[in-house]
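# Close look at the chain arrangement
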Protein chains: 2
Amino acid sequence: MVDHNLTASNSMDAMLFLTDDQLLQGIELMYFAYKGFTSDPDLILQNYTYGRAHHRAVHFINRRKGLKVNDLLDILGITKQSLNRVLRQLINDGLVESRVGRQDKRERNLFLTDDGEKLERQLSDAQRKRMRSAYRAAGPDAVMGFRLVLEKIMDGEMQRGSIKIKEKLT
Amino acid sequence: MVDHNLTASNSMDAMLFLTDDQLLQGIELMYFAYKGFTSDPDLILQNYTYGRAHHRAVHFINRRKGLKVNDLLDILGITKQSLNRVLRQLINDGLVESRVGRQDKRERNLFLTDDGEKLERQLSDAQRKRMRSAYRAAGPDAVMGFRLVLEKIMDGEMQRGSIKIKEKLT
DNA sequence: AAACTATGTCAGTATTATTGACTTTATAAA
DNA sequence: TTTATAAAGTCAATAATACTGACATAGTTT
């Protein structure tokens, strides 16, 4: 069992006693949990020629249907050239549709095709399943704490493009 | 503001109402928080010729001083060949020391040199700072929830090498 | 007409990972 | 003691994901 008691030694805080060791434990927890978190989709993606980058693209196109290429670039925080390869594959393989913008014809709105939605389902099913069972096992209060800490961790990181996501999340 | 209220619609649970959308929010939260979580060290590492792989190696060598090469391979879940390049650099650059095992001379025990500890400090300072301020802002109950959910997420992922870490964490 | 914007693409490079094959050294087992 | 196994290290080839820089095309603004 892992110790959740946070009443320890080294450096003091207004509310918490946070030793370097406890903080390092939190850091490792993030590392291993993220690894566990991506392992299911990674396995599925091996059956295709796709990787995590494709997963992310498919995820956000599904979450923000019709988003522009630039939106996706902002969210992912990668370069146009990096996204291009991934997006081109997904479009050629018929998983993503790129429609010319209605008002501004320079823009492309991205959508998942039926096949694209099928892949998205397959990937997110695995991840949601893990998330749901973790939430269940931990209980509602823990879930609130989990979300709160994660939000604090990414504070300052959500400046540009991702702030749109945060709004959408609400 | 982000909504923490978890009393919603779609699918029912013994304790929680968890809609697909709420689960997807949790998934995105993990993605963005992990990104925020690695951004500080990534910036520092750019000043060296190192990347995240070096950071991970340095982190775990510091946390489990004297660990064997095989231990590190198990923890990181990568191949010997992948680790080798990283480890060779760190050893050549004088950040890591590899000592022949005392009982079993085939084994190598890994340690950080003074310079290695200096780098480790620099990297973990940034990360601990972020972690500490997130913990502070969220409060003790939230921290417990955060840890509990993360542990549940990685359940089943900590089978082999990482179970040692979990023990160490305790 | 000129400037700017959104998208797409080509070429070259870097990091991190993979698989497979092989060596050296050391321990364990027959 | 020979044989087998184990730990570590290395070489070569390949893949996925990212980067920078340069440039093209189409459409919108000024």
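The paragraphs below set out a description of the structure included in this document. Positions within a chain are numbered from 1, following the residues in the order the chain's sequence is written. Whichever chain is written first is A, and whichever ligand is written first is 1; the rest continue in order. In view of the model being predicted, local features appear only for residues whose pLDDT reaches at least 70, and side-chain atom pairs are presented and counted only at 80 or more, with totals across whole chains, interfaces and linings using the full set of residues. Excluded from the side-chain calculation are hydrogens and water; included are all heavy atoms of the structure.

### Here's the deal with the protein's contact with DNA strand C
What makes a residue near a molecule or strand is one non-hydrogen atom of that residue sitting within 4 Å of it. Lining the immediate surroundings of DNA strand C are 27 residues, of which Lys80 of chain A together with Gly51, Arg56, Thr79 and Ser82 of chain B lie closest. In DNA strand C, atoms within 4 Å of the protein come 61% from sugar and phosphate. In the analysis that follows, any N or O atom pair within 3.5 Å is treated as a polar contact, provided that within protein one partner can donate a hydrogen and the other can accept it, and provided that, for residues neighboring in sequence, both atoms belong to side chains. Glycine 51 of chain B has a polar backbone atom sitting 3.1 Å from a phosphate oxygen of DNA strand C. A run of DSSP states H or I qualifies as a helix once it reaches four residues; a run of E qualifies as a strand once it reaches two. Both are numbered from the N-terminal end. At the level of secondary structure, the elements contributing two or more residues to the surface near DNA strand C comprise α3 (69-76) and α4 (80-92) of chain A together with α2 (52-63) and α4 (80-92) of chain B. Gly falls in the polar group here, along with every residue not listed as nonpolar (Ala, Val, Leu, Ile, Met, Phe, Trp, Tyr, Cys, Pro) or charged (Asp, Glu, Lys, Arg). Looking at side-chain class alone, the surface near DNA strand C contains 3 nonpolar, 12 polar and 12 charged residues.

### Some details on the pattern of salt bridges
Residue and element names in this part refer to chain B. Criterion for a salt bridge: a side-chain nitrogen of Lys or Arg within 4 Å of a carboxyl oxygen of Asp or Glu. Counted by the stated rule, this structure contains 26 salt bridges over all chains. Residue glutamate 107 pairs with lysine 68 through a salt bridge whose shortest N-O separation is 3.3 Å. Highlighted residues: glutamate 107 in the loop between β1 (96-100) and β2 (108-112) and lysine 68 in the loop between α2 and α3 (69-76), separated in sequence by 39 residues. Taking relative accessible area as the criterion, lysine 68 reaches 28% and is therefore assigned partly exposed. Note on classification: 1.4 Å probe, protein chains only; a residue is buried when its accessible area is under 20% of the maximum for its type, exposed when over 50%, partly exposed between these limits.

### Looking at α3 of chain A
Within α3 of chain A the residues assigned to the buried category are Asp71, Leu72, Leu73, Ile75 and Leu76 of chain A. Looking one or two residues past α3 of chain A, glycine 77 of chain A carries a phi angle of roughly 65 degrees, positive in sign.

### Examining the protein's contact with DNA strand D
The immediate surroundings of DNA strand D are formed by 27 residues, with Gly51, Arg56, Thr79 and Gln81 of chain A together with Lys80 of chain B found nearest. A breakdown of the atoms of DNA strand D within 4 Å of the protein gives sugar and phosphate a share of 65%. Between DNA strand D and arginine 106 of chain B there is a distance of 3.3 Å, counted from a sugar or linking oxygen to a side-chain nitrogen or oxygen. Looking at the surface near DNA strand D, the elements with two or more residues in it are α2 (52-63) and α4 of chain A together with α3 and α4 of chain B. Grouping the constituent residues of the surface near DNA strand D by class yields 3 nonpolar, 12 polar and 12 charged.

### So, the side chain of arginine 130 of chain A
Tracing the backbone through its elements, the reader meets arginine 130 of chain A in helix α5 (residues 114-138). Here aspartate 40 of chain A takes part through its side chain, which lies 3.0 Å from a polar atom of the side chain of arginine 130 of chain A.

### Side note on the packing of aromatic side chains
Whether two aromatic rings pair depends on their centres lying within 6.5 Å, for rings of Phe, Tyr and Trp, where Trp uses its six-membered ring; planes under 30 degrees apart make the pair stacked, over 60 edge-to-face, and the rest tilted. Inspection of the entire model under this criterion finds 13 aromatic pairs over all chains. Both rings, one in tyrosine 34 of chain A and one in tyrosine 34 of chain B, keep their centres 3.8 Å apart while their planes meet at 5 degrees; by these two values the pair is stacked. A residue pair is termed interchain when its members come from two chains, as with tyrosine 34 of chain A in helix α1 (residues 20-46) and tyrosine 34 of chain B in helix α1 (residues 20-46). Each member of the pair, tyrosine 34 of chain A together with tyrosine 34 of chain B, is buried. Residues phenylalanine 60 of chain A and phenylalanine 32 of chain B carry aromatic rings whose centres are separated by 5.8 Å and whose planes lie at 50 degrees to one another, so their mutual orientation is tilted. Taken together, the residues span two chains, with phenylalanine 60 of chain A in helix α2 and phenylalanine 32 of chain B in helix α1. A relative accessible area of 2% means that phenylalanine 60 of chain A is categorised as buried. Members of the aromatic cluster, joined through ring pairs, are Tyr34 and Phe37 of chain A together with Tyr34 and Phe37 of chain B. When the NZ atom of lysine or the CZ atom of arginine is within 6 Å of a ring's centre and also within 35 degrees of its normal, the charge is said to sit over that ring. One cation-aromatic arrangement involves arginine 99 of chain A over phenylalanine 111 of chain A; the distance from NZ or CZ to the ring centre is 3.8 Å.

### Concerning helix α6 (residues 140-154) of chain B
What a helix should span is 1.5 Å times the count of its residues minus one. Here α6 of chain B is 15 residues long and its end C-alpha atoms lie 22 Å apart, about the 21 Å a rise of 1.5 Å per residue gives. When we look at burial in α6 of chain B, the residues that qualify are Ala142, Val143, Gly145, Phe146, Arg147, Val149, Leu150, Glu151, Ile153 and Met154 of chain B.

### Some thoughts on the packing of α2 of chain B against α4 of chain B
Packed helices, taken two at a time, are described by their axes: the angle between them and the distance between them. Residues and elements named next belong to chain B. Contact pair α2 / α4: the axes reach a minimum separation of 10 Å and the direction vectors enclose 70 degrees. In terms of orientation, α2 and α4 fall into the roughly perpendicular class. The hand of the α2/α4 crossing is right-handed. On α4, the residues that touch Ala53, His54, Ala57, Val58 and Ile61 of α2 are Val86, Leu87, Gln89 and Leu90. Per-class residue counts for the contact of α2 with α4 are 7 nonpolar, 2 polar and no charged. Axis definition: a line fitted to C-alpha atoms, limited for helices to the stretch in contact. Angles are taken between N-to-C directions and run from 0 to 180 degrees. Oblique is the label for any angle not under 35 degrees, not over 145, and not in the 65 to 115 range, which are roughly parallel, roughly antiparallel and roughly perpendicular in turn. Should the near helix be turned anticlockwise from the far one by less than a right angle, the crossing is termed left-handed; should it be turned clockwise, right-handed. In what follows, residue pairs with any heavy atoms lying within 4.5 Å of each other are defined as contacts.

Purely geometric stuff here, so don't read any function into it on its own.
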